[in-house]
Amino acid sequence: MNPSPDRRSLLLSALALASCAGGDTRAQSAPVRPLRETLPFPIGTAIMTGQLDDSQHAVLTRTHFSQLTPEWELKMEYVLQADGSYRFDAPDRLAAVAQANGQRFYGTTLVWYSQENPAFQALDGRRDAFVSAYRHYILQVCRRYAGRAVAWDVVNEPVAEDGAGLRTHLWSRNLGEVGHMVAAFRHAEEADPAALRVLNEYHLESRPAKRATLLRLTERLLAADAPITCLGTQTHLGLDQDPRQITETLRLLGGFGLPIHVSELDISVQAASPFTPVAELLDRQARLAGAVLEALMALPERQRFALTLWGVRDRDSWLRGPAGGRPLTPDRPLLFDDDGQAKPAFHALAGRARS
Ligand code: G3I
């Protein structure tokens, strides 16, 4: 278990939470114990350097979370410049914050269809140069955090949206549909043998075809001796999610005997009618959060790698950005509301779903 935050942090978090009531006379939520001390497995969150100067965010993050994932600043889009140079200023800061807070540091992601970087596009079709640059990139990034990164999403979202096969892209075109993945896992192992190497995917609990293809891919990669040592299911949910499929997904993934990471949990409330009372939305959200907890707890302890939320407060969520569309009311996908108050979904994870 990670060292719990010191008493100062706990006092600060209590003050921060108390101040989250906006100083008015609204009922104060019950004092909340740090999630990182409540749960029997590491609990993480996504973070970016733009949040480091936000004191409420900082207190909530170090109080409740024992693992940090750079939300975008350790991805190729940030690290690799068009001229082939690297920048690590932001992820280095986030790694230092994790170390200071006694938190694990989680790397996402090395190879992703949606990040075809210009430096690699310039090598498209030039196999030897591409092979060399691909290995160099993974070695450069993974070696830098060797001894600090607990794990890496080595290959992210390999399955086609409809689940009918695997995505094709710059990486598969130059290094093979499966070959680019085997190579990535091997380069990551060479760079930092101690870090877990994760195959990470989304919508496995809502698209059976996608889950089936991911399971077959995992078999294929393991049969090809790809050194995969963890499986990630992002778990971006909506209120229309069948909780039984969450349990089934973790059961099927767990069948490989590897640690399982719920890697990017958020629970959008946008699927519900805009006229649904907020209390009902948050109750349904809490029940799904509880289902995720139960699904993880149904795995053997050695397979419960971590549960990572994709952000701290609702207003920190990517779903509040362009990707979330322009809903009638802003989404509320995370454990803390815009004021930093713990929501029913928090209490579902903390073992006390509110009535
Ligand atoms: O903050 C900078 C801003 O300073 C700059 O002017 C602007 C234009 O370059 O970029 C801003 O950074 C953006 C960042 O989000 C913060 O908002 C990046 O462009 C943008 O690419 C980045 O998007 C991230 C996205 O992955 C792509 O990396 C999202 O934050 C992040 O939530 C999202 O996370 C993904 C997971 O990695 C994979 N699963 C799905 C999940 C949601 O899409």
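Fair warning: this is a prediction, and the values are worked out from it, not measured in the lab.

1. Side note on the site of the ligand
- Within the structure, the ligand sits among 14 residues, and Glu 71, Lys 75, Glu 77, Gln 234 and Glu 264 are positioned closest to it.
- Contacts to the ligand include Lys 75, whose side-chain N or O atom sits 2.5 Å from an oxygen atom.
- In the complex, the protein chains occlude 53% of the 780 Å² of accessible area that the ligand would expose alone.
- Counted by class, the shell around the ligand contains five nonpolar, four polar and five charged residues.

2. Quick word on the pairing of strand β8 (residues 260-268)
- Among the nine residues that make up β8, nine are buried, leaving the element largely enclosed by the rest of the structure.
- The sheet contact formed by strand β6 (residues 230-233) and β8 spans three bridges and is parallel. Each residue of the ladder has a partner; that of Gly 232, found in β8, is His 261.
- Across three bridges, the pairing between strand β7 (residues 236-238) and β8 is parallel. By the bridge assignment, His 236 is partnered in β8 with Asp 266.
- Two strands pair when backbone bridges link them, and β8 and strand β9 (residues 304-309) are joined in this way by four bridges, in the parallel orientation. Across the sheet, the residue bridging to Ile 260 is Arg 304, located in β9.
- Where the polypeptide runs from β8 across helix α12 (residues 278-297) and back to β9, its parallel neighbour, the crossover connection is right-handed.

3. Concerning the pattern of salt bridges
- The full count for this structure, using the stated rule, is 18 salt bridges.
- Ionic contacts of the salt-bridge type, sharing partners, join the residues Asp 54, Arg 313 and Asp 316 into one network.

4. Topic: helix α5 (residues 89-100)
- Compared with the 16 Å implied by 1.5 Å per residue over 12 residues, the 17 Å span of α5 between its first and last C-alpha is a close match.
- Listed in full, the buried residues belonging to α5 are Ala 90, Pro 91, Leu 94, Ala 95 and Ala 98. Each buried residue of α5 lies within a common arc of 135 degrees when the element is viewed along its axis, so the set occupies one face. Residues Gln 99 and Ala 100 are exposed on α5 and point more than 90 degrees away from its buried face.

5. Observations concerning unusual backbone geometry
- With an omega of -15 degrees, the peptide bond between Thr 108 and Thr 109 qualifies as cis.
- Note that Thr 109 resides in strand β3 (residues 104-112).
- The backbone phi angle of Asp 225 is positive, close to 60 degrees, even though this residue is not glycine.
- Topologically, Asp 225 is positioned in the loop between α10 (208-223) and β6.
- Even without a glycine there, the phi angle at Thr 235 is positive, about 65 degrees.
- Mapping Thr 235 onto the fold places it in the loop between β6 and β7.
- The class of Thr 235 is buried, set by a relative accessible area of 2%.

6. Topic: α12
- The end-to-end C-alpha separation of α12 is 28 Å, in line with the 28 Å expected for 20 residues at 1.5 Å each.
- Buried residues of α12: Leu 281, Leu 282, Gln 285, Ala 286, Leu 288, Ala 289, Gly 290, Ala 291, Val 292, Leu 293, Ala 295 and Leu 296, and no others.

7. Concerning the confidence of the model for the protein chain
- Looking at the protein chain, the pLDDT average stands at 91 and 90% of residues meet or exceed 70.
- In the predicted structure, residues 1-5 sits below a pLDDT of 50 and forms 14 contacts with residues beyond four places in sequence or in another chain.
- Low pLDDT, under 50, characterises residues 8-28; the stretch is placed with 25 contacts to residues that sit more than four places away or in other chains.

8. So, the packing of aromatic side chains
- Applying the stated rule across the entire model yields 15 aromatic pairs.
- With centroids separated by 5.5 Å and ring planes inclined at 90 degrees, the aromatic side chains of Trp 72 and Tyr 78 adopt a geometry described as edge-to-face.
- Taking relative accessible area as the criterion, Trp 72 reaches 29% and is therefore assigned partly exposed.
- Judged by its relative accessible area of 7%, Tyr 78 falls in the buried class.
- Three or more aromatic residues joined by ring pairs make a cluster, and in this case those are Tyr 86, Phe 88, Phe 105, Phe 120, Phe 130, Tyr 134, Tyr 137, Tyr 145, Trp 152 and Trp 171.
- The lysine or arginine in question, Arg 167, covers the ring of Tyr 113, its NZ or CZ lying 3.8 Å from the ring centre.

Calculation rules
Residues numbered from 1 in each chain as written. Predicted model: local features only at pLDDT ≥ 70, side-chain atom pairs only at ≥ 80, totals over all residues. Heavy atoms only, no water. Near = heavy atom within 4 Å. Polar contact = N/O pair within 3.5 Å; in protein donor to acceptor, adjacent residues only side chain to side chain. Areas by Shrake-Rupley, 256 points an atom, 1.4 Å probe, with all protein chains shown as cover. Nonpolar A, V, L, I, M, F, W, Y, C, P; charged D, E, K, R; others polar. Buried < 20%, exposed > 50% of the residue type's maximum accessible area, 1.4 Å probe, protein only. Helix = DSSP H or I, 4+ residues; strand = E, 2+ residues; numbered from the N terminus. Pairing = 2+ DSSP bridges. Right-handed = clockwise from strand over helix to strand, strands pointing away. Salt bridge = Lys/Arg side-chain N within 4 Å of Asp/Glu carboxyl O. Expected span 1.5 Å × (residues − 1). Arc of directions from axis to C-beta. pLDDT = per-residue confidence, 0-100. Contact = heavy atoms within 4.5 Å. Phe/Tyr/Trp six-rings, centres within 6.5 Å; stacked < 30°, edge-to-face > 60°. Lys NZ or Arg CZ within 6 Å of the ring centre and 35° of its normal.

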